[in-house]
Amino acid sequence: MKATTKTWPWKLLLVVILLVFAAGIWGAVQKIDYHWRWNRIPQYFLYLDEEAQKIPFDGTVESIRKVGDDAEVTLLSDNSQRLVQTVAADSINVDEGDLLFEGDTVGFVKEWRIGPLVYGLWTTLWISAVSSVFALILGLLTGLARISNNLTLRGIAITYVECIRGTPLLVQIFIAYFFLGTVFDLSRNVCGIGALALFAGAYVAEIVRAGIQAIPKGQTEAARSLGMNVFQTMADVILPQAFKKIMPPLAGQFISLIKDSSLVSVIAITDLTKSGREIITSTFATFEVWLVVAVMYLLVTSVLSQVVFYMERRFAVSD
Amino acid sequence: MIKTENVVKVFNTRSGVVRAVDRVSVEIAKGEVVVVIGPSGSGKSTFLRCINGLEQFSEGRVIIDGVDLTDKKTNINKVRAEVGMVFQQFNLFPHKTVLENLTLAQCRVRRRSQKVAEGKAHGLLQKVGIPDKAGEYPSRLSGGQQQRVAIARALAMDPKIMLFDEPTSALDPEMVGEVLDVMKQLAREGMTMVVVTHEMGFAREVADRVIFMDEGKVVEVGTPEHFFTNPREERAKLFLKQVL
Ligand SMILES: Nc1ncnc2c1ncn2[C@@H]1O[C@H](COP(=O)(O)OP(=O)(O)OP(=O)(O)O)[C@@H](O)[C@H]1O
Ligand SMILES: [Mg+2]
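In this text the structure is predicted, and so the values were computed from the model without any measurement.

## Description of the UniProt feature "domain: ABC transmembrane type-1" (unreviewed entry) in chain A
Per the UniProt entry, the sites bearing "domain: ABC transmembrane type-1" (unreviewed entry) are residues 121-308 of chain A in this numbering. Helix makes up 84% of residues 121-308 of chain A and strand 0%, and the two end C-alpha atoms of the span are 20 Å apart.

## Observations concerning the environment of Gly135 of chain B
All names here are of chain B. With respect to the helices and strands, the residue Gly135 is situated in the loop between α4 (114-127) and α5 (143-155). Its relative accessible area of 61% is what places Gly135 among the exposed residues. Sequence separation between Gly135 and Glu55 is 80 residues, and the spatial gap between their C-alpha atoms is 33 Å.

## A few points about the interface of chain B and chain A
When the parts of a complex come together, some accessible area is lost, and that lost area is often taken as the interface size. Each side of the interface is counted separately: chain B has 25 residues, and chain A has 19 residues. Carbon and sulfur atoms supply 58% of the area that chain B and chain A bury against each other, a total of about 1900 Å² over both sides. In this structure, the connection of chain B to chain A is made through two salt bridges. One salt bridge connects Asp236 of chain A with Arg108 of chain B, and the closest N-O pair in it is separated by 2.6 Å. Remark: the boundary between chain B and chain A carries eight residue pairs in polar contact (both at pLDDT 80 or more). Counting residues per element, the ones that place at least two in the side of chain B that touches chain A are α2 (76-82), β6 (83-86), α3 (98-108) and α5 of chain B. Its residues assigned to classes, the side of chain B that touches chain A comprises 14 nonpolar, five polar and six charged.

## Describing the packing of helix α2 (residues 116-146) of chain A against helix α9 (residues 286-315) of chain A
All names here are of chain A. Axis separation between α2 and α9 bottoms out at 12 Å; the angle between their running directions is 40°. Put simply, α2 runs oblique to α9. Crossing handedness for the pair α2 and α9: right-handed. Two secondary-structure elements touch here, α2 through Leu117, Leu121, Thr124 and Leu125 and α9 through Val292, Val293, Met296, Tyr297 and Val300. Residues belonging to the contact of α2 with α9 are distributed by class as follows: eight nonpolar, one polar and no charged.

## Description of the nonpolar core
In this structure, Ile64 and Leu163 of chain B are the most contacted members of the largest nonpolar core, which totals 69 residues. Here this core takes 12 residues from helix α5 (residues 188-213) of chain A, the largest share from any one element. Ranked by size, the runner-up nonpolar core spans 50 residues in total, among them Phe90, Met183, Ala203 and Phe212 of chain B.

## Here we look at the site of ligand 1
All names here are of chain B. Inspection of the region around ligand 1 gives 13 residues, with Ser40, Gly41, Lys44, Ser45 and Thr46 positioned closest. Contact distances for ligand 1 include 2.8 Å between an oxygen atom and a backbone N or O atom of Gly41. Interatomic distance of 2.6 Å between a side-chain N/O atom of Ser45 and an oxygen atom of ligand 1. About the coverage of ligand 1: the protein hides 62% of its 640 Å² of free accessible area. At the level of elements, β1 (2-13), β2 (16-28) and α1 (44-51) are the ones that each hand at least two residues to the shell around ligand 1. In terms of residue count, α1 provides more of the shell around ligand 1 than any other element does, three residues in total. Partitioned by chemical class, the residues of the shell around ligand 1 number four nonpolar, seven polar and two charged.

## Topic: the UniProt feature "domain: ABC transporter" (unreviewed entry) in chain B
The UniProt entry lists residues 2-240 of chain B under the feature "domain: ABC transporter" (unreviewed entry), expressed in the numbering used here. Secondary structure across residues 2-240 of chain B comprises 37% helix and 27% strand; the distance between its end C-alpha atoms is 27 Å.

## Considering α5 of chain B
Spanning 13 residues, α5 of chain B covers 18 Å between terminal C-alpha atoms, matching the ideal 18 Å at 1.5 Å per step. By the criterion of burial, α5 of chain B is predominantly enclosed, with 13 of the 13 residues buried.

## Observations regarding the domain arrangement of chain A
As assigned here, chain A comprises domain 1 (48-113) and domain 2 (117-318). Inter-centroid distance (C-alpha atoms) of domain 1 of chain A to domain 2 of chain A is 53 Å.

## What to know about the sheet that holds strand β10 (residues 217-222) of chain B
In a beta sheet, neighbouring strands pair by backbone hydrogen bonds and run either parallel or antiparallel. Residue and element names in this part refer to chain B. The mixed open sheet is built from six strands, whose spatial order is β6-β7-β8-β3-β9-β10. If you trace the sheet from one side to the other, it starts and ends with β6 and β10, each paired once. Each strand of the sheet is rotated relative to its neighbour by a mean of 20°, with strand direction disregarded. Pairing between β6 and strand β7 (residues 161-165): four bridges, direction parallel. Opposite Val83, over in β7, you have Ile161 as the bridge partner. Set on the sheet, α5 makes contact with β6 and β7; between it and β6 the angle comes to about 170°. Sitting on the sheet, helix α6 (residues 173-188) touches β3 (33-37), β7 and β8 (192-196), and the angle it makes with β8 is about 145°.

What counts as what
Each chain carries its own residue numbering, running from 1 in the direction its sequence is written. Naming scheme: in the order in which they are written, chains are lettered from A and ligands are numbered from 1. Since the coordinates come from a predicted model, pLDDT governs what is reported: local features require at least 70, and pairs of side-chain atoms require 80 or more to be given and counted, while whole-chain, interface and lining totals use all residues. Water and hydrogen atoms play no part in the side-chain values, which are based on all heavy atoms of the structure. UniProt positions are given in the numbering used here, feature names are shortened, and annotations may be inferred rather than shown by experiment. Secondary structure follows DSSP: runs of H or I at least 4 residues long count as helices, runs of E at least 2 residues long count as strands, and numbering of each begins at the N terminus. Each residue is assigned to one of three classes by its accessible area relative to the maximum for its type, calculated with a 1.4 Å probe on protein chains only: buried under 20%, partly exposed between the two thresholds, exposed over 50%. We call two residues contacting when some pair of their heavy atoms lies within 4.5 Å. Computed with a 1.4 Å rolling probe, the buried area is the accessible surface lost when two parts are put together, summed over both parts. We define a salt bridge as a contact between a side-chain nitrogen of Lys or Arg and a carboxyl oxygen of Asp or Glu at a distance within 4 Å. In protein, a polar contact means a hydrogen-donor-capable atom and an acceptor-capable atom, both N or O and within 3.5 Å, with residues adjacent in sequence counting only if both atoms are side-chain atoms; elsewhere, any N or O pair within 3.5 Å suffices. Polarity classes work like this: nonpolar for Ala, Val, Leu, Ile, Met, Phe, Trp, Tyr, Cys and Pro, charged for Asp, Glu, Lys and Arg, and polar for all others, with Gly in that last group. Axis geometry follows a simple rule: fit a line to the C-alpha atoms, using only the stretch in contact for helices, then measure angles between N-to-C directions, giving values from 0 to 180 degrees. With respect to orientation, any angle under 35 degrees is reported as roughly parallel, any angle over 145 as roughly antiparallel, any angle of 65 to 115 as roughly perpendicular, and every other angle as oblique. Note on convention: near helix rotated counterclockwise from far helix by under a right angle means a left-handed crossing. Clockwise means right-handed. Throughout, nonpolar core names a set of buried Ala, Val, Leu, Ile, Met, Phe, Trp, Tyr and Cys residues whose side chains join them through atoms within 4.5 Å. If even one non-hydrogen atom of a residue comes within 4 Å of a molecule or strand, that residue is called near it. Here, Shrake-Rupley sampling with a 1.4 Å probe gives the accessible areas, and only protein chains in the shown set may cover a residue. Between the first and last residue of a helix there are one fewer steps than residues, each counted as 1.5 Å, and that sum is the expected span. For the domain bounds, the source is a domain assignment made automatically or taken from a database. For two strands to count as paired, DSSP must find a minimum of two bridges between them.

Written as C-alpha cells, this is what we have:
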C-alpha cells in the first residue's frame, strides 16, 4: 500500500454529494411555488435614507445655488427672514421665485444608513462579548470554588452549576426577565446579559475545573515546596498552564454563546434573530431572511474559530 | 537540623488503612548526608514529604532548624523556603523557561529583584553545568539536564536542607552520573541532605548515615560501611541481596 493515497476522488465525491443535496432542496422549493425576493434583502444591510426638508414658514424661494451634488436653497419668509436649506440636487422640488406654504417639501437630504440586519448583528456581538467577560470571571471563580477544600464554597459552586446545567437556557431567560427582572426592576438588556453570563459561566466553571485538574499534582508540589503559597501557586504555575489547555473548549463555549444569544430575542432584545423576524413581517421574504441570518451567524463563528486556531498555534511554543 | 519524633502518616484507602510512615524518629545534624533506602512502598517518599509538610502527618512532631511544623503559628511557606526538594519526575514548570523556573520563587517568596534573581540563577546554572540553556523551555532539555535545572531551582532559594526523592530513577542510565555528580558536590560543600535513592554506589560514597525503611518503620540505621558489610536485620540483608 502506498503511504499517500489520492484525495481528489473523495473531494469530488464530496462536491457531488453537496450538489445533489442542494439540487434536492432547490427542487423541493420549486414544488411549493415560493417566490424568491432576494432583491429585498440588501436594503436591510445598507440603505439610502431620504429625509424630506420642509419649509418652516410661508415664503418664497429666493435663490438656488448648486454645490457639487447638493443644492443650497435660500428661502425668504414673508417677514423677511432668510433660511438656507441644503438638499440633494437631483431631489429638488422647487424653482427660484416659487411661492411656498409652511410644510411644503423643498427637497430631500440623502444619506446612507446602516440597516437593521447590521444593527442586529452588532447587538448580538456586544451582548455576547459582555456576557462572555462576565461568564469568564464567574466561571473562573466557580471553577476554583469547585475544587477548593472549603465545603461551603464547593457546595455553592456545585449547586449553581447543577441548577444551570439542568434547566433550559430559554427558561432561564424567562425567569431572569419575567421574575427577577420584575422583582428587582432590571432592564431587558441586563436580564438578557445576566442570563447568558450565568448560563455560560456554569459551563466555563466545568471547563476551568477540568483544566486545573488536568495539571499534574507534581506542579503544585514543586511550587509549594519552594515556599510559594496557594495563591501564588495558582496564579504563576497552575492557571497559566491550565489556560493553555482550556483555550479550545473555552473558545468553543464562547462561540456557542454567540449562537445561544439568539434566545434573548424572546425578551424583545433586537439582536440579529429579532431583526430577522421584524424584517420578515414587512417583506414576507421568510426563506431569504432566515438564510441570510444563518449565514451571518456562520460567518461570525467561523471567523472566531479561525482566530482561536491561530492563537492556539502561537501559544504552543513551549510544548 | 531535622528532628522527627514518632511521625505517623496514615492513608485511608479503599482497601483499608495504610500506615505509610509508622513512628519514625530520626535526628539529622547540620551538614549531614542521610540516604534513605528500602523496598518499594516502604514509605520513603511519604517520610520525605512529611519533612517539608507536603504531606500532613497524622501524629508526631517534625522540627526543622528549631521550628516545629505542628505548631499552629508556624508559617509552613517560610519553612519550605528553607527546605529544597527535588522530585523523581523533575516537576519543572513547562510554561516557563529555565531561567524563569529559577527566578520565579526567588522573586515571589524571597522578594528578590528580577536582576538579583537572574544573577543568582545564572550562577547556579553554571554550577550544575548548563550555563547555556537559560533561555530554553524544559521540554527541550534531556532528562539529566532537566533534573539539574530542578536542583538549581531548589538551590536558588538558598535552602538549609535539600531533600531528594529518587532523583535519578526516571533518568536514562547514561544521565545518572551527571546528576549524582552535582549532588556529590553539594554534599562536599556541606549541605544537609536527605536522599531517597536506589543508587547504592552513591550511598556508599557520600552518605554519612544510611536509614533502611520497611513497612513504614525505620528498621536499621548505620554508617554505610556497617550497613553494606554486615547489617543486623534480616530484612535489610534480604533487601541488599536483591539490589547489590
Ligand atoms: N496519596 C496516597 N494515598 C493513599 N496511599 C498512599 C498515598 N501515597 C502513598 N500511599 C501508600 O503509602 C505507602 C508508602 O508509599 P511511598 O510512596 O511513601 O513508598 P516509597 O517507599 O516511596 O515507594 P517507592 O520506592 O515505590 O517510591 C504505599 O503503600 C502507598 O501505597
Ligand atoms: Mg517513592
